[in-house]
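Next come the chains, spelled out residue by residue.
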Amino acid sequence: MNVRVRYAPSPTGLQHIGGVRTALFNYFFARSSGGRFILRIEDTDRERYDEKSLQDIHDTFSWLGIRWDEGPDVGGDYGPYVQSERSGLYREYAQKLIESGHAYYAYDTAQELLSAREEQEGKGSGYDRRFRDMPEDEKEEYRNRGIQSVVRFKVPLDGSTTFHDSVLGEVSWANEDVNPDPVLLKSDGYPTYHLANVVDDHLMEISHIMRAQEWIPSAPLHVLIYRALGWEPPEFCHLPLVMGDDGQKLSKRHGATSLLEFRSAGYLPDAIINYVSRLGWSYDDKREIFSTAELEELFSLEKISKAPAIFDYKKLEWLNGVYIRELSSDALYDAVLPFMEESGTVGNPPTDDHARILRDAIPLIQERLKYLKDAPAMLGFLFGEPGAYSPEDLLPKKLTVEETLGILQAVKPMVRVVPDMSDDENEQKFRSMADELGTKLGNLLMPIRIAITGSRISPPLFGSIRLLGAELATERIEAAINLLKSQ
RNA sequence: GUCUCCUUCGUCUAGUGGUUAGGACACCGGGUUUUCAUCCCGGCAACAGGGGUUCGACUCCCCUAGGAGAUGCCA
């Protein structure tokens, strides 16, 4: 079969995890089956339309490195790929449905529908179909009153509709449980999702409709529309939902909603792709790490699960660390630099000196970085003052002010020559000094660490001193000595 | 309310009638280590419940419960 799948976002909000997951599954299915991946913009809701959202779609997927084979910006043989540019088509098919008796004009006002819904108080028996069988002369009165019409689909009152779903198998619905006579064409002349999606998927020769499970109740309706138009529906493939940690559909409450927020939080696109791809899909009982290239090859419909998945930030954090560690030094430098600039830790662009220091500092922080965003805090002491600390912070456990003072004074001349020696040589030297002072290496190094970095947690000491320079390092030791003396 | 989908460790999942129910994250211990992190070793922890079918059910069927989704001139 010739696989053609689409991601069809509506530009009414920023791209979020759920949408991206749907896009990714479509994309990987297309790639792994030698098919085509299509982007279609479903901008039929003119009230919620938002220019920024359209830009966000492009920014998001360009950041992720996902490209479509056909779409508004790249063209293709089935365009236009923006629904607002296809309005004539939808009107044409709505007209056909009316002519064939599968649809009808209705003249309810928005206000009437709203209050009718409220009256039902969630008991929701749905629309009462009052225009469905109304004689033309009676409808004429509504027209004369100037009420705008919509076109509604005539859902069969009995019988049932069956469709095949790659994930769920055979699904059968009683037609009486299908949404009663939904609107196909709105009063503003634009189609609803139901009409547009059927017309476009057919015209664009979409082979598989991969979308979230929230669409399951609409599927029988869509099948009915395909049939009414004399078309064969594509294969369906309803993807399990992605939930927040409270088990509800992922939404704004659950932290970073927009995908680009993940970028500014310091996630790597590959980590996101890897993580999101494993939400509702698996390969075997061993592998967790998949590159985009591997997913393009290995993804398969059969391994999609039915149950909803909860988005686990902890596991994503771990994966992000894994991907950060796999980066080359140069790549990590490039990834970290914007965060250093944005935080003001270095200039934009950085001085040559700062660029050099940052480049050399990368290996020191690579294995301790969970998010790119953490880099400025880890390295701040190299580009400015160390973090503030109190005299007590300098004291190793169970050591007095005097003892610590002694350590710092003994160690000061050694710090000056740290950059001239290897880490091993330094360690040996400090170790014998510790022996001499009758203390542990840790007790010797911790006060220096605090003095140099301002924190008990830091990159490896000798490397840090090397990057800071003997001069500054010594000054900081002195400052620490003076602080203790003032006690 | 109604309709529909779903149900293996806390989380993501492997598993397609016979397994000590496997892996990963998280968590808890231990080791390596100049702090942190990495890394290594170990541990905790699951088939929602009840009926069937079967020599045998996590696997098949039914019911119950729980969760979720839909119920718009939004997608």
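Keep in mind it's a predicted model, so treat the numbers as computed, not measured.

Novice: Tell me about the sheet that holds strand β4 (residues 150-153), and name the residues and values.
Specialist: Pairing is antiparallel across the open sheet formed by three strands, whose spatial order is β3-β4-β7. Of all the strands in the sheet, the pair left with one neighbour each is β3 (103-106) and β7 (183-185). Strand-to-strand twist in this sheet, taken as the mean axis angle between neighbours without regard to direction, amounts to 45 degrees. In this sheet, β7 lies alongside β4 in antiparallel orientation, the contact comprising two bridges. Each residue of the ladder has a partner; that of Arg152, found in β7, is Val183. Sitting on the sheet, helix α3 (residues 87-99) is in contact with β3, β4 and β7, with an inclination near 105 degrees to β3.

Novice: Any details on the pairing of strand β5 (residues 160-165)? Residues and values, ideally.
Specialist: Only one face of β5 is buried, namely the one carrying Thr161, Phe163 and Asp165, since none of Ser160, Thr162 and His164 on the opposite face is buried. Two strands pair when backbone bridges link them, and β5 and strand β6 (residues 169-174) are joined in this way by six bridges, in the antiparallel orientation. Bridging from a neighbouring strand, Phe163 pairs with Val171 of β6. Taking the residues that link successive antiparallel strands as the turn, the β5-β6 hairpin has three residues.

Novice: Kindly report on the packing of aromatic side chains, identifying the contributing residues and their values.
Specialist: Any two aromatic rings considered together are summarised by their centre-to-centre distance and by the angle between their planes. For the structure on display, the rule yields 23 aromatic pairs. Linked through ring pairs, Phe25, Tyr27, Phe28, Phe37, Trp281, Tyr283, Phe290 and Phe299 together constitute an aromatic cluster. The ring centre of Tyr49 lies 4.8 Å from the NZ or CZ of Arg46, which sits over that ring.

Reading guide: rules and limits
Residues numbered from 1 in each chain as written. Chains lettered and ligands numbered in written order. Predicted model: local features only at pLDDT ≥ 70, side-chain atom pairs only at ≥ 80, totals over all residues. Heavy atoms only, no water. Pairing = 2+ DSSP bridges. Helix = DSSP H or I, 4+ residues; strand = E, 2+ residues; numbered from the N terminus. Axes fitted to C-alpha atoms, helices over the stretch in contact; angles between N-to-C directions. Contact = heavy atoms within 4.5 Å. Buried < 20%, exposed > 50% of the residue type's maximum accessible area, 1.4 Å probe, protein only. Phe/Tyr/Trp six-rings, centres within 6.5 Å; stacked < 30°, edge-to-face > 60°. Lys NZ or Arg CZ within 6 Å of the ring centre and 35° of its normal.

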